[in-house]
Structures are given as structure tokens and as C-alpha cells.
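# Architecture at a glance
Given next are the chains, with one letter for each unit.
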Amino acid sequence: MKKIAYIEIDTHAEIAQAFMNLMKESSEFAVDYYFSKRIRDRVDEDGDNIFLSDSSMITEQLKTKEYDLVIIGTVHRYFNTFQAVIQKYNTAVIVHNINFSRSSKWTLLKSIFKADIIYRLKLWWKEGLFYSPKTYQQAKRLLVLDKELSSEKYVFLPLFYTGLFEKTENDHLVVVIPGGVSQKRRDYNQIFKTVQELKTQEKCEFVFLGKAQDHELKKLEKLAENLPENVTIRYFSNRVSNENFDREMQKADVLWCPIRQKAEFFSNGETYGVTKMTGNLGDAVRYGKMAVFPENYPSKLAFIIPEQKDIIRQFSELKKTGFDFQKKYNRNSVLESLENVLKSLIKQ
């Protein structure tokens, strides 16, 4: 049995959870997980293969065991630490922002003074920001989680499968907008405007499934007081627990994902669907839901539907439309694909 170390001491707990959900059924690989406390508190697993870690501990922890492969879930900080890991072990890195992973030292230097100056100076002074280019360049393989972002350089790592849920029969249309309610990455203003101006005979419920705060929370509160007839909304002012997220997503008839095509990471321009994956893609697969994306979002996937002008009619039609997620995204087939990728990474 091959041994893998999976490290996530930075950001993406949901990706670590997806990897764990699949790999606990694997008979070919044994995985040890090294999580920061923040990540550990956000995953729903216990076991003697989960270790509390941080940037000061991880290199010493890895010395105590022999691994065929080390996977680093996020390299957005602790660059000096991860550079040391990459130099010693067969390491693959999951890339979340392709343009950032290609940044030069000069680009990173200029970025320090564009925003979050104190934090970015800390990354430079204490966490080896300028090691970032070498960290990505010297990793044995770079991984992406959206097949449409894959290439000879970026290997697709299949993690998302469709769970087996009882189908919910709603007596009205339930549209879920998953993700933190922030104008930064999604166009919530357009959603607020669309909902406010709806004219429909059909009863509709819109669930904003993520924490709303500041301006967006105030707008939701105002919207709730002046809704069109037959339209209701629900929203959350606190972080949505994993249990509540699961429950609400299972109830959804369709997902509405108002993703902004252009994004930034560390002052580098990124483009969703081209250099950056949206988590809403994983949401759609995991819960087996058709999803409406902006018309300009580049996707060939049959369950990602470009938004139309008559949005309520589109939602109603999609509620009746079937897509066989289990045929392509069932757990066993995704696990088999994942194991094949892991085998190829170990052979290199």
C-alpha cells in the first residue's frame, strides 16, 4: 500500500474534505493528513491519521515517516516552508490561481504595495514570498481541480463526486445561491435587482446560502421588506455550518451562480473558468444540481447552463430537466480516476 501525506495549513478546508471523503474508501493508498487548527476545526473527520500541524512543525513531522507522495493543498503563504518540503519529497501542489503560480519575483515585489501592505510585507519578510516562483516551478507536478483548466503542465485531480441523496419534492421553486454573500467574487447586486423586479405567478424562494455581512447584509434586509408577490428570500448573517449547507443544497431545485468572470489574487488578474476554478462547480457536482452561470462563463459541461433573460422560466424548465450525475460522477468511478492519477504521480 502506497503512503501519501496531504498538507493543508492555509486555506482550502473544503478541498481537503473532498479528498478525505474519497480516499477513506481507497484500498490502495493510506493517507496521513497534516492540518492547521483552523483547517482541522472545519473538517468532519476524526482519526489517528490526522495530525495538527503548522509551518514551524511540518518539515519535522514529515521526517518521522516515509511517504511515496506529498500533496500540498494550498501554496498561498509559508513559501519558505513549502520550498523545503518540495526539495526533499516527491511533491504535487494544487494550484488555485494559475496566473499567481506563474508570477515572477518582480511581479510579486510590485504587488506588495498594491494592497494589504502589512500582511504582504509579512509574507515577504517572514514567509519567503519570493520563494513562490521556485515552489511552483520545482514541484514534481502541478494539479488543478477543474478538468477544463488541465493541460500538459497542469494535471486534473478528480475530487468531486455526486452523493446519494433522497430527491426533494418542493411545492414551489427553490433557487439556491451558494457561497459567501460578497460583491467581490459574485454579482449579487444583479441578483438583488432581478429578484426585486420579478413578476411571476409561480411561488419562488431564493436562498442566499453563505454568510452575509456589511453592505450586502443591509441590502438583503431591505430587499426582504419589499419583495414582489409570490417571492420569498432567506439569508444568513452567521457562517453556515456544514450540516445546514448540506440540508439547504439538497432542497435546491436549481443553483444560481452569478460568478464574476474577472477576479484578482494577490493583485494578479485571474479569470474564472480559464485560470481559476469556482467552488460552485464542485457544489453542482457534489449535490447533483443543474446550475445557471453567467452567459460569458466558459464551460462545456452539460449541467452548467448560461443564464437567460427570462430567468424564472429558465429555472422552472431546469427544475424539470434531468441530468444523470451518477453516470459520470458516481463515487466509485471518481475514486478510480483519482487513484489512477495518484499512481501516475508516484511513478514519476
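Use the structure listed above.
The structure contained in this document is the topic of the report that follows.

### Here we look at the environment of I71
Counting through the fold element by element, I71 comes out in strand β4 (residues 69-72). Placed 148 residues apart in sequence, I71 and K219 show a C-alpha to C-alpha distance of 41 Å. Apart from residues no more than four positions distant in its own chain, I71 is found in contact with I4, A5, Y6, I7, F19, A92, I94 and L342.

### So, the nonpolar core
Grouped together as the largest cluster of nonpolar side chains are 121 residues, with contacts concentrated most on F206 and L342. Apart from residues no more than four positions distant in its own chain, F206 is found in contact with V175, I177, V195, L198, V231, T232, I233, R234, W256, I312 and F315.

### What to know about the state of the cysteines
Here is the idea: a disulfide is a covalent bond, and it sits between the sulfur atoms of two cysteines. Within this structure, the stated rule accounts for 0 disulfides. Take C204: it sits in no disulfide, and the sulfur closest to it among the cysteines is that of C257, at 17 Å. Taking the relative accessible area as the measure of exposure, C257 reaches 1% and is therefore buried.

### A few points about the sheet that holds strand β14 (residues 291-293)
Adjacent strands of a sheet pair through backbone hydrogen bonds, lying either parallel or antiparallel. Strand order in the open sheet made by the 6 strands is β10-β9-β8-β11-β14-β15, with parallel pairing throughout. The sheet is open, and its two borders are formed by β10 (231-236) and β15 (304-306), each paired with just one other strand. Geometrically, the sheet is characterised by an average inter-axis angle of 30° between neighbouring strands, direction not taken into account. Pairing of β14 with β15 involves 3 bridges; the strand directions are parallel. Among the inter-strand pairings, F293 is bridged to a residue of β15, identified as P306.

### Some thoughts on the sheet that holds strand β7 (residues 154-156)
Taken together, the 7 strands give an open sheet; going across it, the order is β3-β2-β1-β4-β5-β6-β7, and neighbouring strands pair in parallel fashion. Each having just a single partner strand, β3 (50-52) and β7 make up the two edges of the open sheet. Averaged over all pairs of adjacent strands, the angle between their axes in this sheet comes to 25°, without regard to strand direction. Where strand β1 (residues 2-8) and strand β2 (residues 29-35) come together, 7 bridges link them in parallel fashion. Within β2, the position partnered with I7 by the bridge is Y34. In the packing of helix α1 (residues 13-23) onto the sheet, the strands contacted are β1, β2, β3, β4 and β5 (91-94), and the crossing angle to β2 comes to about 155°.

### Focus on helix α6 (residues 105-112)
What α6 keeps buried is the set L108, S111 and I112. Angularly, the buried residues of α6 cover 105° about the axis, an arc narrow enough to put them on a single face. The inward-facing, buried residues of α6 contact α5 (98-101), α7 (117-126), α8 (132-138) and β13 (268-271).

### Focus: helix α13 (residues 311-320)
Along α13, the residues that are buried comprise I311, I312, Q314, F315, S316 and L318. In the core, the buried residues of α13 are packed alongside β8 (173-178), α9 (188-196), β9 (204-211), β11 (254-256), β14 and β15.

### Brief notes about the packing of α1 against helix α15 (residues 331-347)
Across the interface, α1 lies against α15 with an axial gap of 10 Å and an inter-helix angle of 100°. Taken together, α1 and α15 sit at an angle that is classed as roughly perpendicular. Taken together, the residues of α15 that come into contact with α1 (itself represented by F19, N21, L22 and M23) are R331, V334, L335, L338 and L342.

### Some words on the pairing of β5
Alternating residues of β5 divide into T91 and V93 and A92 and I94, and every residue in both groups is buried. Across 3 bridges, the pairing between β4 and β5 is parallel. Within the sheet, the bridge partner assigned to I72 lies in β5 and is V93. Note that the unit made of β4, helix α4 (residues 79-88) and β5 has a crossover that is right-handed.

### Observations concerning the side chain of T271
Counting through the fold element by element, T271 comes out in strand β13. For T271, the side chain forms a polar contact with the side chain of K262, separated by 3.3 Å. Contacts of T271, omitting those with residues within four sequence positions, involve Q261, K262 and K276.

Conventions used here
- Residues numbered from 1 in each chain as written.
- Predicted model: local features only at pLDDT ≥ 70, side-chain atom pairs only at ≥ 80, totals over all residues.
- Heavy atoms only, no water.
- Helix = DSSP H or I, 4+ residues; strand = E, 2+ residues; numbered from the N terminus.
- Contact = heavy atoms within 4.5 Å.
- Core = buried A, V, L, I, M, F, W, Y, C linked by side-chain atoms within 4.5 Å.
- Buried < 20%, exposed > 50% of the residue type's maximum accessible area, 1.4 Å probe, protein only.
- Disulfide = S-S within 2.5 Å.
- Pairing = 2+ DSSP bridges.
- Axes fitted to C-alpha atoms, helices over the stretch in contact; angles between N-to-C directions.
- Arc of directions from axis to C-beta.
- Parallel < 35°, antiparallel > 145°, perpendicular 65-115°, else oblique.
- Right-handed = clockwise from strand over helix to strand, strands pointing away.
- Polar contact = N/O pair within 3.5 Å; in protein donor to acceptor, adjacent residues only side chain to side chain.

By themselves these figures say nothing about function.
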